[in-house]
Every structure is written in structure tokens, then in C-alpha cells.
There are 2 protein chains.
Amino acid sequence: MEEKIDKIKQQLQSHGYKLTPQREATVRVLLENEEDHLSAEDVFMLVKDKAPEIGLATVYRTLELLSELHVVEKINFGDGVARYDLRTDTTKHHHHHLICVQCGAMDEIREDWLGPLEERLEKEFNFTVLDHRLDFQGICYRCKDKNNDQNGNGGKKS
Amino acid sequence: MEEKIDKIKQQLQSHGYKLTPQREATVRVLLENEEDHLSAEDVFMLVKDKAPEIGLATVYRTLELLSELHVVEKINFGDGVARYDLRTDTTKHHHHHLICVQCGAMDEIREDWLGPLEERLEKEFNFTVLDHRLDFQGICYRCKDKNNDQNGNGGKKS
DNA sequence: TTCGATGCAAACAATTTGCACCGGC
DNA sequence: GCCGGTGCAAATTGTTTGCATCGAA
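Here the structure is a predicted model, which means the values were calculated and not measured.

What counts and what doesn't
- Residues numbered from 1 in each chain as written.
- Chains lettered and ligands numbered in written order.
- Predicted model: local features only at pLDDT ≥ 70, side-chain atom pairs only at ≥ 80, totals over all residues.
- Heavy atoms only, no water.
- Contact = heavy atoms within 4.5 Å.
- Salt bridge = Lys/Arg side-chain N within 4 Å of Asp/Glu carboxyl O.
- Polar contact = N/O pair within 3.5 Å; in protein donor to acceptor, adjacent residues only side chain to side chain.
- Helix = DSSP H or I, 4+ residues; strand = E, 2+ residues; numbered from the N terminus.
- Nonpolar A, V, L, I, M, F, W, Y, C, P; charged D, E, K, R; others polar.
- Pairing = 2+ DSSP bridges.
- Axes fitted to C-alpha atoms, helices over the stretch in contact; angles between N-to-C directions.

Enquirer: Can you lay out the interface of chain A and chain B for me, pointing to particular residues and giving the numbers?
Expert: At the junction of the two partners, chain A supplies 32 residues and chain B supplies 32 residues. At the junction of chain A with chain B, the criterion picks out two salt bridges. Between A:Lys144 and B:Glu122 there is a salt bridge, with the nearest N and O atoms lying 3.0 Å from each other. Applying the counting criterion to the chain A and chain B interface returns 10 residue pairs in polar contact (both at pLDDT 80 or more). At the level of secondary structure, the elements contributing two or more residues to the side of chain A that touches chain B comprise strand S4 (96-100), helix H5 (115-125), strand S6 (128-139) and helix H6 (141-151) of chain A. With 12 residues, S6(A) is the largest single contributor of residues to the side of chain A that touches chain B. Of the residues belonging to the side of chain A that touches chain B, the class tally is 17 nonpolar, seven polar and eight charged. Direction of pairing for S6(A) relative to strand S6 (residues 128-139) of chain B: antiparallel, over a ladder of 11 bridges. By the bridge assignment for S6(B), A:Ile139 is matched with B:Thr128.

Enquirer: Which residues make up the sheet that holds strand S4 (residues 96-100) of chain B, and what are the values?
Expert: The six strands lie next to each other as S5(A)-S4(A)-S6(A)-S6(B)-S4(B)-S5(B), forming an open sheet whose pairing is mixed. Both edges of this open sheet fall to strand S5 (106-109) of chain A together with strand S5 (106-109) of chain B, since each of them pairs with a single strand only. Strand-to-strand twist of the sheet, defined as the mean angle between neighbouring strand axes without regard to direction, takes the value 20 degrees. One ladder, built from four bridges, connects S4(A) with S6(A); its direction is parallel. In the sheet register, A:Cys100 faces S6(A), and the bridge partner there is A:Gly138. Against the sheet, H5(A) touches S6 of chain A together with S4, S5 and S6 of chain B, its axis set at about 130 degrees to S6(A). This element, helix H5 (residues 115-125) of chain B, spans S4, S5 and S6 of chain A together with S6 of chain B of the sheet and lies at about 130 degrees to S6(B).

Following this line, the structure appears as C-alpha cells:
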């Protein structure tokens, strides 16, 4: 935890920024919720617990700054809210999302399935991949069960 | 063109909606710009040429409706604007995006590289894929050239 | 005392909604 | 006359910005 904060502190300082108490509180919230995809508003409310005087604008500014430094990744699931994920070495951005169009659940695949494709991009398109994003929309196993219960075929094609 | 409109008309009618002049004008704009990723505002301005009295809200409502019927695909590149792509049989949603973080250019790969992955999802996760989205962020060949001109190594790793 | 960083409120941009109205069934 | 569909304006939501102020170097 503390080492991670130190590392981020150094990243900030190497670009001429400081790790202010507000920024630290924000980073801590992100660290404590590495698994989640928090929106700025989410972060704001969590940060308020430990630093009640902080303003929403500061949270936005901090997240934007961290995003520029590639400390966090700003992602967007199309629901109109930007979400921010820490980019630690351990929690690589190498995971994909399964979004259920029926119940809205979001599962994750914590593996990177795109290695071969990225190599192909480099070779065929001379495009150097820094990041990627892969989401699937569809019907999750839970809803398929539910559908089967109700109509006996669960929306299967034939 | 006209057949495509007819088809969409039927999709609307089968769900109890009608193809009003405004909706038709909107659909025509989408058909005429199948290759682009138009924002609602873009569509609005183009529709205004053929139906000046139309309101922005109607365009939004129409796009939302078409999106629900899966006639168009609502996508989001993270720039804060939703974009809408027609989903005809020919222009399948089977393409991916290469977004350059340096110059902002967006290239497309007009192939589907995910077939095998989707099969795996069905088998391993019991998840039925209806749609997917794959974007890569990185450095495009143009910027790599430019970078090479300037510093002689173009950001290559070693 | 300088300058980055902050909090607050106002400004903004994209999108949605309330409501009166219009036109076909 | 009912009701879906529309235009307009107002409301909402997520985010950014202007500005006076604060605090460490």
C-alpha cells in the first residue's frame, strides 16, 4: 500500500506535481477499490469520508491528472459516466467485460485474450498498441437460466 | 436504399411504431453516411437539410428507438459524445478501431477477429454474445514516422 | 512572495423530459 | 376524440472552468 503510494508520488513529482493530501486521499480510495470501476462521483463520495472538505472539482482534476500520467485508466462503458481504474503492475488492464443486456450485470474475464491480435496489429498495421478495450454485450448465464425457467427454451435460436 | 428503408419500416411496425417523415429522414441520413460514426448532433444537422423543422429531441428519440430495435448501434469512443452506426447486414458491427493517442486519428479494421473468442465465451462462460466492441489505443504508423523523423528512434522499446 | 493547488459556484455540453399541440385512425 | 409522435424549452446530468484564496518552498 504505502509503497504503491510512494511510487505514484514519484510519478507525480517527476512531472513537477506534488502529492497533496487531497490527491493522496483520492489515490488511497482508488487503491482500496482496485477491483471496482469507480466513477468520479463514486470516488468523490468515498474520498469525502476521509477528507470531508474536498471538492468534486478537485477529484475530477486529480483523476484527470492521474489519467494523463497513466496512473489510472479512464474508461467508458457507454452509460454516460467515465470510470477510473488504477493501473498497477499487478492489476493490468488486461481484462475484458461481459455486459448482460438483460440484467445489466457486468462480469470480468481476468485474462488477456488479445496478445496474438496485438502482435498482428504491430506487423500488419504498424500500430503499436498501448492499451485496448474489449467488451461483449449479450446474455449472461444467470439470465439464460431465468429465461429457461419461464419459457422452456431460453431464447435459443432453434 | 428503398428496400433498406422498407426493412426498417417493418422492424418499426412489428414493434408498434411507425416510420414518420422525421424518422424516415433520420434513417436516410444514416443510410447515406453508413461509413461514418455520426453523433446525434451530426445527424441532427444533416437531417435539418431535408427536414428543417425537425427538433433535436426527436433525433435523439429516434436514435434511441432505433438503438433499442438494434437497427443502429450506439457507440462511445470516450470523447463524451455518443455515436450511432447503422447495423445493416452488409455493414456488420464486425470491425474494430485503432485510435491513435498521439494524433487522435481513428482507423478501422474491417474484419472480425473475435469469432474464436466468442465461441470460447459461449462454452466456458455460458455467455451468449450479441455484440462486442474492440478498440485499441496506441501509436499509428503516421505518428511513428513523424517521431522517427524527430528523434531517430520513434519510441521503439529497445 | 510566488505559484501550484484547492473549494466553491457558475458555466458548459450532451442528453432527457414536460407539455401543449398536431394529425391519422 | 384518442394517442403516438413532435417541437420547443426547461430540466438534468456529468464535467469543466473562473476566480479568490490558501499554503508550502
